[in-house]
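Chain by chain, the residues:
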Amino acid sequence: MIMNKKLLILLLCFMGTSWFYAQGPARDRIKTLKVAFITERVGLTSKEAQAFWPVYNEYEEALEAIRRRERIELRSQISMLQDLSSSESSTLLDKFMAIQKEKYLAQQDFISEIRTVISPKKTLLLLKAEEDFKKRLLQQMRKRRGGG
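The model shown is predicted, which means the values in this text are computed figures rather than measured ones.

Asks: Could you give an account of the overall build of the protein, naming the residues involved and the relevant values?
Replies: A tally of regular secondary structure across the protein gives 6 helices and 0 strands. Its helices and strands taken in sequence order, the protein reads α-α-α-α-α-α from the N to the C terminus. Per-residue burial for the protein yields a buried fraction of 29% across its 148 residues. The long-range share in the protein, meaning contacts at least 24 apart out of those at least 6 apart in sequence, stands at 70%. As displayed, the protein offers around 10000 Å² of accessible surface, 58% of which is attributable to carbon and sulfur atoms.

Asks: Run through the packing of aromatic side chains, naming residues and quoting values.
Replies: Counting across every chain of the model gives 7 aromatic pairs. Considering the side-chain rings of Tyr 56 and Tyr 59, the 6.5 Å spacing of their centres and the 65° angle between planes classify their relative orientation as edge-to-face. Placement of the pair is Tyr 56 and Tyr 59 together in helix H4 (residues 46–78), with a separation of 3 residues, close to one helical turn. Owing to a relative accessible area of 3%, Tyr 56 belongs among the buried residues under this scheme.

Asks: So what about H4? Which residues, and what values?
Replies: Under the 1.5 Å per step criterion, the end-to-end length of H4 is 45 Å for 33 residues, consistent within 8% with the ideal 48 Å. When the local axis directions of H4 are compared, the greatest deviation, roughly 35°, occurs at Arg 71. Those residues of H4 that sit buried are Glu 48, Ala 49, Phe 52, Trp 53, Val 55, Tyr 56, Tyr 59, Leu 63, Glu 64, Ile 66, Glu 70 and Leu 74.

Asks: Explain the pattern of salt bridges to me, and be specific about the residues and the numbers.
Replies: Within this structure, the stated rule accounts for 11 salt bridges. For Glu 48, the salt bridge goes to Lys 122, with nearest N and O atoms at 2.7 Å. Separated by 74 residues along the polypeptide, Glu 48 in helix H4 and Lys 122 in helix H6 (residues 120–144) bring together distant segments of the chain. Given the relative accessible area of 17%, Glu 48 is considered buried. Across the pair Glu 64 and Arg 68 runs a salt bridge whose closest N-O atoms are separated by 3.8 Å. Taken together, the residues span about one helical turn, with Glu 64 and Arg 68 both in helix H4 at a distance of 4 residues. Residue classification places Arg 68 among the partly exposed positions, given a relative accessible area of 42%. Shared partners join several salt bridges into a network, and the residues in it are Glu 64, Arg 67, Arg 68 and Arg 71.

Thresholds, definitions, all that
Residues numbered from 1 in each chain as written. Predicted model: local features only at pLDDT ≥ 70, side-chain atom pairs only at ≥ 80, totals over all residues. Heavy atoms only, no water. Helix = DSSP H or I, 4+ residues; strand = E, 2+ residues; numbered from the N terminus. Buried < 20%, exposed > 50% of the residue type's maximum accessible area, 1.4 Å probe, protein only. Contact = heavy atoms within 4.5 Å. Areas by Shrake-Rupley, 256 points an atom, 1.4 Å probe, with all protein chains shown as cover. Phe/Tyr/Trp six-rings, centres within 6.5 Å; stacked < 30°, edge-to-face > 60°. Expected span 1.5 Å × (residues − 1). Bend = angle between axes of the 7 residues up to and from the residue. Salt bridge = Lys/Arg side-chain N within 4 Å of Asp/Glu carboxyl O.

Quick look at the structure:
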């Protein structure tokens, strides 16, 4: 178990930053690392994993769709922020708030559903594992850029 953790951490160190820019195979490798990280941290049994991953993957796909829309609808306009009129700024802010609400509601739906698949304690462990995974990836990105 300890050896598995060390191996996983080592793999995260090597693969960490490529997740942010990864396409295709590199992104798939990071996804595989995330699956292993979450499975270990949450302590999913085989039976739990069979029920858990389809729900989790559906949630991740929903979030990715929201993020794609966010990039398309918001990010392009935010780069031209200085040139936006008051009315355009207000519309953009409304879009931003709607997308944030959509993310929040997706997370609420996911937590409601996942807690019927795994225990509340494991649900909390999942939320912590996701945050820990993100932190490690960010740390690796900073290290590779020489900033940390």
